[in-house]
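Each chain, written out:
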Amino acid sequence: MEEHILNPKEVFNELVEEEEGFRHLNNPADGIKPITKKYLGIPTHVSQAGNKFYFTDGDAKVELVVVNEEIMRVRVAPHGVFLEDFSYAVPELSNKPVAVSLYNDEKEFKVSTAKVNCHIRKSDFFISFSDSNHVVTSADAAPMHWEENTKFGGYYVFCTKTCNPDENFFGMGDKPTELNLRGKRLTNWNTDAYSFGWNQDPLYRSIPFYISVNEGIAHGIFFDNTFKAHFDFGAEDKTKTSFWADGGELQYYYIHGPHMMDVVKSYHLLTGTHPMPPLWALGYHQCRWSYYPESKVRVVAKGFRQNQIPCDGIYLDIDYMDGYRCFTWNRKYFPDPKKMIKDLAADGFKTVVIIDPGIRVDDNYPVFKEGKEKKYFCRRSDDYFMEGHVWPGRCQFPDFTNPEVREWWGGLFDELIEMGVAGVWNDMNEPAVFGAGTFPDDVRHQYDGYRGSHRKAHNVYGMQMVRATYEGMRKIFKNKRPFTITRAGYSGLQRYASVWTGDNVATWEHLKLGNIQCQRLSMSGIPFCGTDIGGFSGEPDGELFTRWIQMGTFSPFMRAHSAGDTKEREPWSFGEPFTAINRKFIELRYRLLPYMYSAFWEHHRYGFPILRPVVMQEQEVLKNHFRQDEFTYGDKILVCPVMEPGQKSRKVYLPKGDWYNYWTNEVTVGGDEVETPTPLETIPIFIKAGSVIPEYPVMQYVGEKPIEEVKMNVYYSDYEVNSFFFEDHGESFAYEQDIYSEKKFIVNGTESSLEIQQSMEGLYTPRYDAYCFNIIGLPFIPAHISVDGKEITDYAINSEKVLEFKHTKTFKHIEIKK
Ligand code: GLC
């Protein structure tokens, strides 16, 4: 009930007091008293160099870079000297010319593109942004400021913006809390968080990017600062949103909407998208800490084929190594790894191995010896090596922020790949150190020539490790797509890896958390994500495991994993009816592969997230800002996992439009909640009317058999709807040379007709010839079907009133009439 609107000076005064609080909470232990705390003064001068603008108060300088019509970057140099412009998140800023104007009147400077205005107020240096309709979308509640850091040098940097009564916040990566971040205070500092709990913060990844939705308009803030950083979304004071960091520059991107989807797309323009994964990586993966010896791996693999449960990936956790030394094999457990991997591959399994950054200190271990000789390991400021204990015992750690070290690391995969390893799982790269948690602050990093202490490099360490892995594999694989997973990371990690949410727990609460975490990761620029299905620690019962498999079917990355001290955890471990239901869902995943792969393409090419919370469909509906159970996969399939034991039915919100219940084909008009049965055999799945959902035949693994025909499920609608269908070789980078097929379908119906149009782009031709159409939900009995003007007579209407017919895949126009 905050009725009193503060004037800027009141806001400012309140904030001065409040910042003391921030300062206190921020660094409770280090006991440093701020020597100087300085706010921007009065902007007296402006200069322009192309799309860069500089404002100064006589001492401090603010740089505004107009990146494009939608994105502007703000930077502050406390005494007028900027740091060198380098970012691991944003490899390069677009240098396309952009039309921009500078206005200067009594009250403000204004820099405008066709879509965004940045206002710099002359009385107090407050910065705000507005859209082309003059709606203010983001406004400072205090001038940006900084405090000197007398211990390490540099500054603590702060930015405080207003927070409006109905403004809500989303994004920020894997935070294990409600999807809507309003009222939360969060910290980014990559942390190994075994068995983390609800609201625990920070976790493994740092994604300093949030999306605000206020009065139906979205904008994003990307605070590209790798130091320990903090965000407050109206927690301390509900009228303010702030972000600050323990070092580095105050540098953030303002990203214009007006839709959340626009913001996410623009964020991807800055930080990149995920490359197309190998198609098999979208299949089911089975993991455990650890499957060993070799005979156990073979038994598990055989179990899949015997139980006829599809599976593509099988994992080797740390016990495959000799004394946990990376790039070695325990020959007692795995006497002939090459043969094992080959046999597994012949049965359709891709072998994925774990790698950790800690390298055992052991002069008889070639990786250590070489790293030591070449000075590739991190050092403390007084030149001691950074040493810490991890799985192998005493370790040193490569400095992955050094390009030469990355190159070396990448080359170390040579032998594993020669043995047939298809994927690499990068773990413990926060970096995690037993006891200490992580490295001390004074560890030095090369930081691609821009040098820094661990304070600056900590949050990017894991991302640079997986980058080294990915780039190394890519070189060795040549034209084949590597598959990598990482636990830690920073914005931009999606260019190199998929992620899993770390060491979760086998509880219903964690199933809920995992659902939110995957949606949140997806809208924070990390599309290829999943949870440890079943929960890493603890024991799920059959029901919880099955509900997790059902949800995991709709996680972009689908992997079951469990800790070493847990019982067997394969999809058949719980007996019936669970095995049959788990099989049915994993099969569903394989049937939907072409749809899921197409959603991946939409991400890769266009920057869309794969999972989309309903707030992304209808951000103008305030209630949707608080919905976190249901989401869409791509934009056509809405899923609502069941996350309570014994639940017989549950409410599902359907956005506006018509939706088909996937199991019954019954149509429901969206815009409201619908009570949906949830027997153990199903979870609520709805398909948007007008969708064309391609289905592959069930296979035990990707590529098991040639595809003879593709089922095309077409869902009638009386309004026009577009669908995408992407295909390619599934394992090479040929798509970068346009060797792919991107089909677009337009479906449009009336009371007595349905039209389907197909157009195609790209140079790839799939081997199969035919589409097998299932036309669902026709409101009339079809009597005429013509394809490109030619009538076809060979069709059937099945007992579920679905119209079935086949046709070669090349057609432009189908018309179905009464
Ligand atoms: C870490 C990982 C977990 C893995 C274990 C052993 O806890 O998060 O997934 O199984 O280490 O390598």
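Residues numbered from 1 in each chain as written. Predicted model: local features only at pLDDT ≥ 70, side-chain atom pairs only at ≥ 80, totals over all residues. Heavy atoms only, no water.

Observations regarding the site of the ligand
If you check the shell around the ligand, you find Trp 289, Asp 317, Ile 318, Ile 354, Trp 391, Trp 425, Asp 427, Arg 487, Trp 500, Asp 503, Phe 536 and His 561 and nothing else. Between an oxygen atom of the ligand and a side-chain N or O atom of Asp 427, the distance comes to 3.0 Å. Interatomic distance of 2.8 Å between a side-chain N/O atom of Arg 487 and an oxygen atom of the ligand. Protein contacts shield 98% of the accessible area of the ligand, which totals 300 Å² for the unbound molecule. Considering only residue class, the shell around the ligand consists of 7 nonpolar, 1 polar and 4 charged. (Near = heavy atom within 4 Å. Polar contact = N/O pair within 3.5 Å; in protein donor to acceptor, adjacent residues only side chain to side chain. Areas by Shrake-Rupley, 256 points an atom, 1.4 Å probe, with all protein chains shown as cover. Nonpolar A, V, L, I, M, F, W, Y, C, P; charged D, E, K, R; others polar.)

A closer look at the UniProt feature "domain: Glycoside hydrolase family 31 TIM barrel" (unreviewed entry) in the protein chain
Within the UniProt annotation, "domain: Glycoside hydrolase family 31 TIM barrel" (unreviewed entry) is assigned to residues 275-599. The span residues 275-599 is 36% helical and 14% strand by assignment, and the distance between its end C-alpha atoms comes to 13 Å. (UniProt positions renumbered as here; feature names shortened; annotations may be inferred. Helix = DSSP H or I, 4+ residues; strand = E, 2+ residues; numbered from the N terminus.)

Side note on the pattern of salt bridges
Per the stated rule, a full pass over the model turns up 53 salt bridges. Between Arg 394 and Glu 387 there is a salt bridge, with the nearest N and O atoms lying 2.5 Å from each other. Note that Arg 487 and Asp 503 form a salt bridge whose closest N and O atoms lie 3.7 Å from each other. One end of the pair, Arg 487, is in the loop between strand S30 (483-486) and strand S31 (489-490); the other, Asp 503, is in the loop between strand S32 (498-500) and helix H9 (508-523), and 16 residues separate them in sequence. Exposure remark for Arg 487: the relative accessible area of 2% places this residue in the buried category. Taking relative accessible area as the criterion, Asp 503 reaches 10% and is therefore assigned buried. Through salt bridges that share partners, Glu 63, Arg 73, Arg 75, Asp 85 and Glu 249 make up one connected network. (Salt bridge = Lys/Arg side-chain N within 4 Å of Asp/Glu carboxyl O. Buried < 20%, exposed > 50% of the residue type's maximum accessible area, 1.4 Å probe, protein only.)

Description of the UniProt feature "domain: DUF5110" (unreviewed entry) in the protein chain
Within the UniProt annotation, "domain: DUF5110" (unreviewed entry) is assigned to residues 711-777. Taken end to end, residues 711-777 is 0% helix and 55% strand, and its first and last C-alpha atoms sit 16 Å apart.

Some details on the packing of aromatic side chains
Tallied over the full model, the rule gives 69 aromatic pairs. Aromatic side chains Phe 86 and Tyr 450 sit 4.4 Å apart centroid to centroid with 15° between the ring planes, which places their arrangement in the stacked category. Of this pair, Phe 86 sits in the loop between strand S5 (71-77) and strand S6 (101-104) while Tyr 450 sits in the loop between strand S28 (444-445) and strand S29 (452-453), and the two are 364 residues apart along the sequence. Assessed through its relative accessible area of 26%, Phe 86 is described here as partly exposed. Residue Tyr 450 is classed as partly exposed on the basis of its relative accessible area, which comes to 30%. Three or more aromatic residues joined by ring pairs form one cluster here, namely Phe 169, Tyr 210, Phe 223, Phe 231, Phe 233, Phe 243 and Tyr 252. Over the aromatic face of Phe 349 sits the side chain of Arg 305, whose NZ or CZ is 3.9 Å from the ring centroid. (Phe/Tyr/Trp six-rings, centres within 6.5 Å; stacked < 30°, edge-to-face > 60°. Lys NZ or Arg CZ within 6 Å of the ring centre and 35° of its normal.)

Digging into the sheet that holds strand S8 (residues 116-121)
Two strands in a sheet stick together by hydrogen bonds in their backbones, pointing the same way (parallel) or opposite ways (antiparallel). As summarised here, the arrangement of the 5 strands in space is S6-S7-S8-S9-S10, forming an open sheet in which the pairing is antiparallel. With one partner strand each, in any of the chains shown, S6 and strand S10 (136-139) form the two edges of the open sheet. Between one strand axis and the next, the sheet turns through 20° on average, direction left out of account. As paired strands, strand S7 (residues 108-112) and S8 are joined by 5 bridges and run antiparallel to one another. When the bridges of S8 are listed, Ser 112 appears paired with Asn 117. (Pairing = 2+ DSSP bridges. Axes fitted to C-alpha atoms, helices over the stretch in contact; angles between N-to-C directions.)

Quick look at the packing of helix H10 (residues 542-552) against helix H11 (residues 578-591)
Direction vectors running N to C along H10 and H11 enclose 5°, while the axes themselves pass 9 Å from each other. Here H10 is positioned roughly parallel relative to H11, judged by the angle of their axes. Only Phe 578, Ile 581, Asn 582, Phe 585, Ile 586 and Arg 589 of H11 make contact with H10, whose side of the interface consists of Gly 542, Glu 543, Phe 545, Thr 546, Ile 549, Gln 550 and Gly 552. (Parallel < 35°, antiparallel > 145°, perpendicular 65-115°, else oblique. Contact = heavy atoms within 4.5 Å.)

What to know about the state of the cysteines
Within the structure shown, the criterion is met by 0 disulfides. Cysteine Cys 159 is unpaired, with the sulfur of Cys 118 as its nearest cysteine sulfur at 11 Å. According to the relative accessible area criterion, Cys 159 is buried, its value standing at 0%. For the unlinked cysteine Cys 326, the closest cysteine sulfur is that of Cys 395, found at 8.1 Å. (Disulfide = S-S within 2.5 Å.)

What to know about the nonpolar core
Within soluble globular proteins, side chains that are nonpolar generally end up buried alongside one another. Core analysis: the biggest nonpolar cluster contains 186 residues, and Ile 355, Trp 409, Phe 554, Ile 775 and Ile 816 have the highest contact counts within it. Ranked by residue count, the leading element in this core is helix H8 (residues 454-477), at 10 residues. Val 46, Ile 127, Val 157 and Ile 221 belong to the second largest nonpolar core, which has 42 residues in total. (Core = buried A, V, L, I, M, F, W, Y, C linked by side-chain atoms within 4.5 Å.)

Some details on the confidence of the model for the protein chain
In the predicted model, the protein chain carries a mean pLDDT of 95, and the fraction of residues at 70 or more is 96%. The secondary-structure element of the protein chain with the lowest mean pLDDT is helix H1 (residues 8-26), recorded at 38, while strand S21 (residues 284-286) shows the highest, at 99. (pLDDT = per-residue confidence, 0-100.)

Thoughts on the pairing of strand S26 (residues 393-396)
In this sheet, S26 lies alongside strand S24 (residues 359-360) in antiparallel orientation, the contact comprising 2 bridges. Pairing of Arg 360 across the sheet is with Cys 395, part of S26. Bridge count between strand S25 (residues 387-390) and S26: 4 bridges; the pairing is antiparallel. The residue bridging Val 390 from the neighbouring strand is Gly 393, located in S26. What sits between S25 and S26 in their antiparallel hairpin is a turn of 2 residues.

Remarks on the environment of Asp 201
Inspection of the secondary structure assignment puts Asp 201 in the loop between strand S14 (185-188) and strand S15 (205-206). Spatially, the C-alpha atoms of Asp 201 and Arg 455 are 18 Å apart, while their sequence positions differ by 254 residues. Residue contacts for Asp 201: discarding those within four places in its chain leaves Lys 175, Arg 185, Leu 186 and Thr 187.

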